[in-house]
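Survey of secondary and tertiary structure
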Amino acid sequence: METSLTNTYCHGCKTFKALSEFMGHGANSISKQLKTCNNCRQRFTQKRKRSAVINNQPNILEVIDIDFLSEVITNLLEDTSSNNQELHLHCQVNDVNDVSYHRNSTNEYLSKELANKIIELIEDADGYKWNYNHQYISKNNITYWYYCSQRDIQASKSRKHSDPSKQRDTLSMERFDCEGIVKISIDKTTLLSEVELFHKNLHVRPIDKSVPEDVKEFIKNNIDLLPKEIYARLVDKGLNVLIRQNQIHFWWTKLGQGRYKRCEDAFDSTCLWLSENNHHIILQEIEPVRALAFETGILEQLNELKINISECGMDATYNTNNMGFELYVLHAEVNGTGFPLSY
């Protein structure tokens, strides 16, 4: 969809809107792109105020929709970073989409994916890097601990290469007695997360290696190129040496989703995209598992080219994705040579 390449997807109202609707102020009081539009943030702020009046009890944690977690942390930082005060957030985080979409996955996989998603949102808001430390699995919950990457206990002993010619005087990361920790406890059944973020002092953040907006715009305008080619062209244009090729690949994937992504649920999005592109869906099941089959038009092409297929076969390979599904391939013999017709 062409508009999605020039607009930004809002995780609140689930629509594409102009980029100007998403601009806020980050941890360093500079303009940054948020994940929800102005209208959604205003509605969420009003909802929080009403909830605070109704649920003003010390033992009840506020429940925050995961799409607004970054905005909540950003607002907290605006109140604390100017005075270098400690940052503390203790709440519950709800992700309805994650529960509905991954209902056939294992609890361990779901919990880890959700924890990583929460950490990514926290990093996006506060500008710090949070490293996974350990986890604990109980009967009803899975709990994950993450430490600030600049926390003093994260430092490791410096090791010099045995060959003096290969030793480099690289500056080590600056460390702080910040006690920075994120604790995420996820209910195995409901996937409701209890999140506690604590930073004793908001110290200097690590060197910014994020991809700037002008580079993202270049990726948008050249989305049909491969990431490797986009990276090469950016290097020729003087790309910051701290930005790596895998970051360009990430944004190429993220910004290119608009060409095929129609909604948050991957299964529903696929069905919508196939319908838009006139692919005839011949099987669409939700229970007991999600299953989808559709015609690609390759049979008509083979008939038009008068290609005779003598033999077909089906094969499968396993462990091809993190959902644990098999990848099937349809092989055909064409003029004595085997070709994969579809996957």
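Residues numbered from 1 in each chain as written. Predicted model: local features only at pLDDT ≥ 70, side-chain atom pairs only at ≥ 80, totals over all residues. Heavy atoms only, no water.

Side note on the overall build of the protein chain
Check the secondary structure of the protein chain and you find 10 helices and 15 strands. Here the protein chain, with 343 residues, has 32% of them falling under the buried criterion. A separation of at least 24 residues holds for 55% of the contacts in the protein chain among residues at least 6 apart in sequence. Within the structure as shown, the protein chain displays about 21600 Å² of accessible surface, and the carbon and sulfur contribution to it stands at 51%. (Helix = DSSP H or I, 4+ residues; strand = E, 2+ residues; numbered from the N terminus. Buried < 20%, exposed > 50% of the residue type's maximum accessible area, 1.4 Å probe, protein only. Contact = heavy atoms within 4.5 Å. Areas by Shrake-Rupley, 256 points an atom, 1.4 Å probe, with all protein chains shown as cover.)

Quick look at the packing of aromatic side chains
As enumerated under the stated definition, the model contains two aromatic pairs in all. Ring centres of Tyr 132 and Tyr 146 lie 5.8 Å apart, and the angle between their planes is 70°; this geometry places the pair in the edge-to-face category. Here Tyr 132, found in strand β7 (residues 130-137), pairs with Tyr 146, found in strand β8 (residues 141-148); they are 14 residues apart in sequence, far enough to count as distant. Among the residues examined, Tyr 146 registers a relative accessible area of 2% and is labelled buried. Ring geometry for Phe 250 against Trp 251: centres 5.3 Å apart, planes inclined by 85°, an arrangement best described as edge-to-face. (Phe/Tyr/Trp six-rings, centres within 6.5 Å; stacked < 30°, edge-to-face > 60°.)

A closer look at the packing of helix α6 (residues 213-221) against helix α7 (residues 227-236)
Interaxial distance between α6 and α7 falls to 11 Å at its minimum, and their mutual angle equals 135°. Judged by the inter-axis angle, α6 sits oblique to α7. Crossing of α6 against α7: the hand is right-handed. Every residue of α7 that contacts α6 at Val 215, Phe 218 and Ile 219 is listed here: Ile 230, Arg 233 and Leu 234. Residues belonging to the contact of α6 with α7 are distributed by class as follows: five nonpolar, no polar and one charged. (Axes fitted to C-alpha atoms, helices over the stretch in contact; angles between N-to-C directions. Parallel < 35°, antiparallel > 145°, perpendicular 65-115°, else oblique. Left-handed = near helix turned anticlockwise from the far one by under 90°. Nonpolar A, V, L, I, M, F, W, Y, C, P; charged D, E, K, R; others polar.)

Side note on α7
The complete set of buried residues in α7 reads Pro 227, Ile 230, Tyr 231 and Leu 234. Buried positions in α7, seen along its axis, are confined to an arc of 100° and lie on one side of it. Residues of α7 that are exposed and point more than 90 degrees away from the buried face comprise Lys 228 and Asp 236. Structurally, α7 contributes buried residues whose contacts are with α6 and α8 (245-255). Looking at the residues trailing α7, positive phi occurs at Gly 238, about 90°. (Arc of directions from axis to C-beta.)

Here we look at the sheet that holds β8
Across the sheet, which stays open at both edges, the six strands sit in the order β5-β6-β10-β9-β8-β7 with mixed pairing between neighbours. With partners counted over all chains shown, the strands left at the sheet margins are β5 (63-65) and β7, one partner each. This sheet shows a mean twist of 25° between the axes of neighbouring strands, independent of strand direction. Where strand β9 (residues 181-187) meets strand β10 (residues 193-199), six bridges bridge the pair, whose relative direction is antiparallel. Residue pairing for β10: Ile 181 is matched across the bridge by Phe 198. (Pairing = 2+ DSSP bridges.)

Notes on the nonpolar core
Counting 39 residues, the largest nonpolar core has Ile 118, Ile 122, Trp 130, Val 182 and Ile 184 as its most contacted members. Looking at this core, the elements with two or more residues in it are α2 (38-54), α3 (69-80), β6 (87-94), α5 (107-126), β8, β9 and β10. Of all the elements, α5 adds the most residues to this core, at eight residues. Three or more residues apiece are contributed to this core by two domains, here domain 1 (1-55) and domain 2 (61-153 + 174-207). Those residues within four positions of Val 182 in sequence are excluded, and the remaining contacts are Ile 119, Ile 122, Trp 130, Tyr 144, Trp 145, Tyr 146, Val 195, Glu 196 and Leu 197. Counting 13 residues, the second largest nonpolar core, distinct from the first, contains Val 215, Phe 218, Ile 230 and Trp 252. (Core = buried A, V, L, I, M, F, W, Y, C linked by side-chain atoms within 4.5 Å. Domains from an automatic or database assignment.)

Comments concerning a nonpolar patch on the surface
Taken together, the side chains of Ile 207, Val 241 and Leu 242 make up a nonpolar region of the molecular surface, amounting to roughly 300 Å² of accessible area. By the secondary structure assignment, Ile 207 is in the loop between β10 and α6. (Patch = residues over 30% accessible without salt bridge, like charges linked within 9 Å, V, L, I, M, F, W, Y side chains within 5 Å. Salt bridge = Lys/Arg side-chain N within 4 Å of Asp/Glu carboxyl O.)

Topic: the packing of α7 against α8
The relative placement of two packed helices comes down to the angle between their axes together with the axis-to-axis distance. At their nearest, the axes of α7 and α8 sit 9 Å apart, and the two run at 120° to each other. Accordingly, the angle class assigned to the pair α7 and α8 is oblique. In terms of crossing hand, the pair formed by α7 and α8 is right-handed. Along the contact surface, α7 presents Pro 227, Lys 228, Ile 230, Tyr 231 and Leu 234, while α8 presents Gln 245, Ile 248, His 249 and Trp 252.

What about α8?
The set of residues buried in α8 consists of Ile 248, Trp 252 and Leu 255. Within α8, the buried residues cover an arc of 80° as seen down the axis, which keeps them to one side.

Re the environment of Glu 276
Assignment of secondary structure puts Glu 276 in helix α9 (residues 266-276). Overall, Glu 276 belongs to the partly exposed group, its relative accessible area being 46%. Expressed as a C-alpha distance, the spacing of Glu 276 and Tyr 260, which sit 16 residues apart in the sequence, is 10.0 Å.

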